[in-house]
Amino acid sequence: MEGRPWLRIWLILLGFTFLGLPVWRVTHPAAVAPPKDLREGTITFPLRVEVTFASPPTSFDLEYLGATLISSHAPNRDFAIDWKVAISKEGVDLFLSAEWPPGTPTTAVRVKVTRDGSAIAEQTFWGDGSLAETLTVWEPKP
Amino acid sequence: MKYLAAILALSVTSLVGARAELTVASLSTITTDIAKNVGGDRVKIIPIIGPGVDPHEFQPSPADIKKIVKADLVLITGKHLEGYLTKLEESAGGAGKFVDTGAAFPSLKLEEDGKMVEDPHWWHSIDNVKKATAVVEKSFIDADPANKATYEKNAAAYLAELKSLETWAKKEVSTLPREKRKLVTSHDAFQYFARDFGFKIYAIEGVSTEDEPSSKKITDLINTIKSEGVKAVFFESIENPKVVTEITKETGAKVGGELYADGLGDKTAATYPEMVKYNITTIVDSLK
Ligand SMILES: [Zn+2]
């Protein structure tokens, strides 16, 4: 060993590499993928969605990007849900669909999206036996 | 004898009732589909423009004009898509039997060579097709009141089909984030679709397929595709996909597939609901 200084240097370097790599990893963490809905240029907002039916539907679904937020087969008039969503400058779409018993005359549905109690999107839709509509929610103004 | 005459009259009526009463010429594959659905077996449809024919460049042949002259009604797209209409009306002995299906709803206006023109591609809005169906229904009833009940029943069934198509379309598009609804197409045919479903259109050519894009327009489009992060570029069933392929090479965007922009196809999009489903599935799947 003593006669081979280059071997000693090499072993020291090897030791540093093994010890140093985990230290380097801690000080240089790999980029962590952002949460799925945290898209570039978007801010997440805690919102509340309220849906009020003039005439109770036999079924009602509320969806965002194909995922169900509310699904009901009970004849209720009022629905509400807390919803956290990342909103881009292009806005986000809520898709609602409902069906009424046969023979129900044209009826109204009110959808209201609020942030801290103030409405940021609100619209009345009209259903004629069934309904499929989209409500666009824009980024709330500060 | 009286009894025999009554039986004879009855059988003649039932024979007449079963066969087509109206002859309808159609200048678009979309109006042909509407007419087939509303008319059923009471209408003989003469499609002047078939699947895969470019309606922007179409000119009726003498044989087409002969068929149009013989028809009881002629269905047109309107909004100036049929540039030959005035001459055709003159050849057919007047505008009386021409049914403008596109007149039932307002036009989108687009800038073309510095002037505003009507966008004729109204069938990419399902709501417009519902209104056009009502126009066709009324024209059939006016021309053939004896079959009013049949036309009403057929139109109601087709409108119900369009309503469920609209539900499907809204649900399907809602699965695509709004910031991804950017559509690069061969020519500017999807503005009604964009209005209804929240898309932004970047077209290589103008409203008509006859327009040639300048090299500056293509360069600008390439820059836009890069800066907007557009994932896919679409070509059309009728158009040459060469420019689209070049743009995808330059930008790294993929070829999203083929869209039916100017009418129905003969296989995957042989009916209007099939065309809508094909286009929307292609768009949503490629841009997700
Ligand atoms: Zn076109």
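Residues numbered from 1 in each chain as written. Chains lettered and ligands numbered in written order. Predicted model: local features only at pLDDT ≥ 70, side-chain atom pairs only at ≥ 80, totals over all residues. Heavy atoms only, no water.

Chemist: So what's going on with the interface of chain A and chain B? Residues and values would help.
Modeler: Taken together, the contact pairs 17 residues of chain A with twelve residues of chain B. Summing both partners gives a buried area of about 1,300 Å² for chain A against chain B, and 48% of it is carried by carbon and sulfur. Our enumeration of links across chain A and chain B arrives at five salt bridges. Of the charged contacts, one joins K171(B) and E63(A) as a salt bridge, the two residues approaching to 2.7 Å between their closest N and O atoms. Along the contact surface separating chain A from chain B lie ten residue pairs in polar contact (both at pLDDT 80 or more). Within the residue set of the side of chain A that touches chain B, elements represented by two or more residues are β5 (92-99) and β8 (130-137) of chain A. Examining the composition of the side of chain A that touches chain B, we find that five residues originate from one element, β8(A), more than from any other. Looking at the side of chain A that touches chain B residue by residue, the classes come out as five nonpolar, six polar and six charged. (Contact = heavy atoms within 4.5 Å. Buried area = accessible area lost by both parts, 1.4 Å probe. Salt bridge = Lys/Arg side-chain N within 4 Å of Asp/Glu carboxyl O. Polar contact = N/O pair within 3.5 Å; in protein donor to acceptor, adjacent residues only side chain to side chain. Helix = DSSP H or I, 4+ residues; strand = E, 2+ residues; numbered from the N terminus. Nonpolar A, V, L, I, M, F, W, Y, C, P; charged D, E, K, R; others polar.)

Chemist: Hey, could you go over the pattern of salt bridges for me, with residue numbers and the actual values?
Modeler: Per the counting criterion, the structure on display carries 17 salt bridges over all chains. In this structure, E50(A) engages R48(A) in a salt bridge whose closest nitrogen and oxygen atoms are separated by 3.8 Å. For D82(A), the salt bridge goes to R48(A), with nearest N and O atoms at 2.8 Å. One end of the pair, D82(A), is in strand β4 (residues 78-87); the other, R48(A), is in strand β1 (residues 43-53), and 34 residues separate them in sequence. Residue R48(A) is classed as partly exposed on the basis of its relative accessible area, which comes to 32%. One continuous salt-bridge network, built from bridges that share partners, spans K89(A), E90(A), K182(B) and E228(B). (Buried < 20%, exposed > 50% of the residue type's maximum accessible area, 1.4 Å probe, protein only.)

Chemist: Which residues make up the environment of F95(A), and what values go with them?
Modeler: If you trace the backbone, F95(A) turns up in strand β5. In this structure, F95(A) is in contact with D61(A), L62(A), E63(A), A132(A), E133(A), T134(A), T167(B), K170(B), K171(B) and S174(B), ignoring residues within four places of it in sequence.

Remember that the coordinates give geometry; whether it matters functionally is a separate question.
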